[in-house]
Amino acid sequence: MKLRNVMFGLVIALAVSCGSKETKENDTVATDSTATEAVETKAPASVKETLTKVWVVDDINYNVGLNAEKDKEAYKAQLEKVLADMKGKSELNLGADGKVTVEMMDHTNTIKNYTGTWSLTDEDKTLNVMPEGALDPFQWTIWEISPESLSLLINNTTMKFVPKK
């Protein structure tokens, strides 16, 4: 009977030790394969990096910021006349060095050119454009931003820009 108990104990010990060894080898292989399959992730671009390019006007939303319906209609009529001329021609060139050139057509079809500097404030939610010789910067709220689209709230109007091609 003692021999039977000893043999049973040895079989159990052998089975347990073999199972442990196999698990350890599998764990090692799994760990090694995971380590070699590391995926490289790229950090998202900052607002400044995303802004740094030449943007052109693509669309105008005249409904934002205007309260009275008659104001919206009058502004809409005025902007629809110049939107076709502005689209693709009015540019905002934001350089990585903080320099800016702006070529913008206003509601009277007059092209206005500015050179100066640009910066971000309000936790990167406001674009400040300081034309050379001006006392105060233009301050435009960044409404939406992505690598392919920029919407700025400018004088009660949201102007949508896309990268120049």
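Cut-offs applied
- Residues numbered from 1 in each chain as written.
- Predicted model: local features only at pLDDT ≥ 70, side-chain atom pairs only at ≥ 80, totals over all residues.
- Heavy atoms only, no water.
- Helix = DSSP H or I, 4+ residues; strand = E, 2+ residues; numbered from the N terminus.
- Pairing = 2+ DSSP bridges.
- Axes fitted to C-alpha atoms, helices over the stretch in contact; angles between N-to-C directions.
- Phe/Tyr/Trp six-rings, centres within 6.5 Å; stacked < 30°, edge-to-face > 60°.
- Buried < 20%, exposed > 50% of the residue type's maximum accessible area, 1.4 Å probe, protein only.
- Salt bridge = Lys/Arg side-chain N within 4 Å of Asp/Glu carboxyl O.
- Core = buried A, V, L, I, M, F, W, Y, C linked by side-chain atoms within 4.5 Å.
- Contact = heavy atoms within 4.5 Å.

Engineer: Explain the environment of P137 to me, please; I cannot follow it from the model alone.
Structural biologist: Inspection of the secondary structure puts P137 in the loop between β5 (126-131) and β6 (138-146). Separated by 10 residues in the primary sequence, P137 and L127 have C-alpha atoms spaced 9.4 Å apart.

Engineer: What am I meant to see in the sheet that holds β5 here?
Structural biologist: The strands making up a sheet associate through hydrogen bonds between their backbones, and the pairing can be parallel or antiparallel. Strand order in this closed barrel of 8 strands is β1-β2-β3-β4-β5-β6-β7-β8, and the pairing throughout is antiparallel. The mean inter-strand angle of the sheet, taken between neighbouring strand axes irrespective of direction, is 35°. Pairing between strand β3 (residues 99-105) and strand β4 (residues 111-121): 7 bridges, direction antiparallel. Residue K99 lies in a different strand from β4, and its bridge partner there is T117.

Engineer: Quick question: what am I supposed to make of the packing of aromatic side chains here?
Structural biologist: Both the distance between ring centres and the angle between the ring planes are used here to describe each pair of aromatic rings. Applying the stated criterion to the full structure yields 2 aromatic pairs. Seen in terms of ring centroids, Y114 and F138 are 5.1 Å apart; in terms of plane orientation they differ by 70°. Their pairing is edge-to-face. One end of the pair, Y114, is in strand β4; the other, F138, is in strand β6, and 24 residues separate them in sequence. Of the residues examined, Y114 reaches a relative accessible area of 26% and is grouped as partly exposed. Owing to a relative accessible area of 31%, F138 belongs among the partly exposed residues under this scheme. A network of ring pairs unites the aromatic residues Y114, F138 and W140 as a single cluster.

Engineer: How should the pairing of β6 be read in this particular structure?
Structural biologist: Working note: regular strand, side chains alternate between the two faces of the sheet. In terms of strand pairing, β5 meets β6 through 4 bridges, oriented antiparallel. Looking at the pairing, N128 lines up with Q139 of β6. Counting the residues between successive antiparallel strands, the hairpin from β5 to β6 contains 6 residues, one of them, G133, with a positive phi of roughly 85°. One ladder, built from 5 bridges, connects β6 with strand β7 (residues 149-154); its direction is antiparallel.

Engineer: Help me out: how do you make sense of the pattern of salt bridges in this one?
Structural biologist: A side chain with one charge may pair with a side chain of the opposite charge, provided their charged atoms come close. Applying the stated rule across the entire model yields 1 salt bridge. Two residues, E91 and K164, come together in a salt bridge whose shortest N-O distance is 2.5 Å. With E91 in strand β2 (residues 91-94) and K164 in the segment after β8 (157-163), the pair connects residues that are 73 residues apart, well separated along the chain. Overall, K164 belongs to the partly exposed group, its relative accessible area being 46%.

Engineer: Honestly, the nonpolar core in this entry has me stumped. Any pointers?
Structural biologist: Within soluble globular proteins, side chains that are nonpolar tend to cluster in buried spots. By size, the foremost hydrophobic cluster in this structure holds 23 residues, and its most contacted members are L92, L127, L152 and F161. With 4 residues, β3 is the single largest residue contributor to this core. Once you skip the residues sitting within four places of it in the chain, L127 turns out to touch L51, L92, L94, W118, S119, L120, F138, Q139, W140, I142 and L152.

Engineer: So what exactly am I meant to see when it comes to the pairing of β7 here?
Structural biologist: For β7, the tally of buried residues reaches 5 of 6 residues, placing the bulk of the element in the interior. Strand direction decides the pairing type here: β7 and β8, joined by 5 bridges, are antiparallel. Looking across to β8, one finds that I154 is bridged to T157. What sits between the antiparallel neighbours β7 and β8 is a turn of 2 residues, in which N155 has the positive phi angle 50°.

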